[in-house]
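Residues per chain are reported as follows:
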Amino acid sequence: MKRTGVATLGVAALLGLGTGYLVDQALTASGRATFTPSIMLPVLLVALGAILIVLALPIARATRGTAGDMARPVNPFQALRIAMLAKASSIVGAAVAGFGVGLGVFIASRPVEPSLGSVGTILATAVGGAILVAAGLIAEQLCTIRKDDDDEPPAPGPGTTPSHH
């Protein structure tokens with residue numbers, strides 16, 4: 001499994017930003033109020049990030065820890081599931097953070113001053129998404145196994161020529 005790249009997170013954030021801006025644009029064009037996320041959204045994003053790190057810690061301890069920690073074998077399927085959840089969480093977090101920024105850009109571009117409550121929840125949503133991105137990347141790092149010396153191809157011995165594939 002490849003690590004989550006900056007480009008992937010950037011694309012997700014840009015898609016979220018565009019979506020957030022366009023949602024508010026469409027709502028105001030139809031005469032409705034702008035979209036304001038629930039205050040529970042950032043709370044849930046931060047809680048998901050915390051749960052994700054808690055799930056990844058036993059895997060990190062088992063693969064990097066002391067002899068006592070290493071006595072417990074790591075279920076590779078569980079490690080893969082948590083790593084995939086971490087990857088998905090970081091992408092969703094980037095999209096939600098971008099969505100929050102898009103909502104914020106839209107209300108900042110309006111001539112009418114928005115209410116403090118809506119600005120607060122939009123800002124909290126963007127920050128919650130960023131926290132989920134960080135937690136996802138940390139959990140993904142915790143689920144990776146150190147590269148062993150056995151993983152390296154053997155070095156060419158004296159008198160042999162390295163082969164080029």
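Residues numbered from 1 in each chain as written. Predicted model: local features only at pLDDT ≥ 70, side-chain atom pairs only at ≥ 80, totals over all residues. Heavy atoms only, no water.

### Digging into the overall build of the protein
The criterion, for reference: Secondary structure is summarised from DSSP: a helix means a run of H or I of at least four residues, a strand means a run of E of at least two, and numbering begins at the N terminus for each. Only protein chains enter the area calculation, which uses a 1.4 Å probe; residues under 20% of their type maximum are buried, those over 50% are exposed, and those in between are partly exposed. In this analysis, two residues are considered to be in contact whenever any of their non-hydrogen atoms come within 4.5 Å of each other. We get accessible surface area from the Shrake-Rupley algorithm with a probe of 1.4 Å; when it comes to residues, only the shown protein chains can shield them.
Each helix and strand counted, the protein has five helices and zero strands in total. Reading the helices (α) and strands (β) of the protein from amino to carboxyl end gives α-α-α-α-α. When the 165 residues of the protein are sorted by exposure, 30% land in the buried category. Residue pairs at least 24 apart in sequence account for 84% of intrachain contacts in the protein once pairs closer than 6 positions are excluded. A total accessible area of about 10300 Å² is found for the protein, and carbon and sulfur atoms account for 70% of it.

### Re the nonpolar core
The cut-off we apply is this: In these notes, a set of buried Ala, Val, Leu, Ile, Met, Phe, Trp, Tyr and Cys residues joined through side-chain atoms within 4.5 Å is what counts as a nonpolar core.
Among the nonpolar cores identified, the biggest contains 11 residues, and these are Leu-52, Ala-56, Ile-59, Ala-60, Ala-79, Ile-82, Ala-83, Ala-86, Ala-139, Leu-142 and Cys-143. Only α2 (40–64), α4 (76–108) and α5 (116–142) provide two or more residues apiece to this core. With sequence-adjacent residues up to four places away left out, Ala-86 is seen in contact with Leu-52, Gly-136, Ala-139 and Glu-140. One finds Phe-99, Phe-106, Ile-107 and Ile-122 within the second-largest nonpolar core, a separate group that totals five residues.

### Remarks on the side chain of Glu-140
For clarity, the threshold we go by: His residues and chain termini do not enter the charge count, which takes Lys and Arg as positive and Asp and Glu as negative. Salt bridge, as used here, is a side-chain nitrogen of Lys or Arg placed within 4 Å of a carboxyl oxygen of Asp or Glu.
Here Glu-140 shows up in helix α5. Lacking a salt bridge, the buried Glu-140 has Lys-87 as its closest oppositely charged neighbour, with an N-O distance of 4.6 Å. Apart from the residues within four sequence positions on either side, Glu-140 is in contact with Met-1, Lys-2, Arg-3, Thr-4, Ala-86 and Lys-87.

### A few points about the confidence of the model for the protein
Keep this limit in mind: Residue-level confidence of the predictor is what pLDDT reports, using numbers from 0 through 100.
For the protein, mean pLDDT is 85; residues scoring 70 or higher make up 83% of the total. Element-level mean pLDDT values for the protein span from 56 in helix α3 (residues 67–70) up to 94 in helix α1 (residues 6–29).

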